[in-house]
Amino acid sequence: MDTAALVQLLPFVAIFVLMYFLIIRPQQKRAKEHQAQLNAVKRNDTVVLSNGMIGKITRVEDTQVMVEIASGVNVPVVKSMIAEVRTKGEPAPANDKAA
């Protein structure tokens, strides 16, 4: 490969490297942190759902959580729809059938 072709390719390589460090890498880091946050949710945590609703987790399962969105109103929610964990609750005992 001659020098002229290498000089023409250099801006494209530089743009790709810049895009990786400014866009792709931070997005991967955020996704990893969000997944760790979802895996750590427990009862009594206050969460914000992806649709903007705020509720308290009353039950945790493998792929779903039960969220109390109003007094006595519990709805099942897929864990991946939790956008943010606002307040960490007190450590709660294991899930029981009464909850």
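Residues numbered from 1 in each chain as written. Predicted model: local features only at pLDDT ≥ 70, side-chain atom pairs only at ≥ 80, totals over all residues. Heavy atoms only, no water.

Draft legend 1. Broad picture of the packing of aromatic side chains. Within the structure shown, the criterion is met by one aromatic pair. Ring plane angle 80° and centroid distance 5.2 Å describe the contact between tyrosine 20 and phenylalanine 21, whose orientation is recorded as edge-to-face. Judged by its relative accessible area of 47%, phenylalanine 21 is partly exposed. (Phe/Tyr/Trp six-rings, centres within 6.5 Å; stacked < 30°, edge-to-face > 60°. Buried < 20%, exposed > 50% of the residue type's maximum accessible area, 1.4 Å probe, protein only.)

Draft legend 2. Structural context of the pattern of salt bridges. Per the stated rule, a full pass over the model turns up three salt bridges. The partner of glutamate 84 in a salt bridge is arginine 86, and the shortest N-O contact between them spans 3.5 Å. (Salt bridge = Lys/Arg side-chain N within 4 Å of Asp/Glu carboxyl O.)

Draft legend 3. Summary view of helix 1 (residues 3–39). Helix length check: helix 1, at 37 residues, gives a terminal C-alpha distance of 51 Å against a target of 54 Å (1.5 Å per residue), a fit within 8%. When the local axis directions of helix 1 are compared, the greatest deviation, roughly 40°, occurs at tyrosine 20. (Helix = DSSP H or I, 4+ residues; strand = E, 2+ residues; numbered from the N terminus. Expected span 1.5 Å × (residues − 1). Bend = angle between axes of the 7 residues up to and from the residue.)

Draft legend 4. Inspection of the nonpolar core at higher detail. Formed by Leu38, Val41, Val47, Leu49, Ile57, Val65, Val67, Val77, Ile82 and Val85, the largest nonpolar core amounts to ten residues. Breaking this core down by element, the ones donating at least two residues are strand 1 (46–49), strand 3 (64–70) and strand 5 (82–87). Beyond its immediate stretch of four places on either side in the chain, valine 47 contacts Met53, Ile54, Gly55, Ile57, Val67, Ile82, Glu84, Val85 and Arg86. (Core = buried A, V, L, I, M, F, W, Y, C linked by side-chain atoms within 4.5 Å. Contact = heavy atoms within 4.5 Å.)

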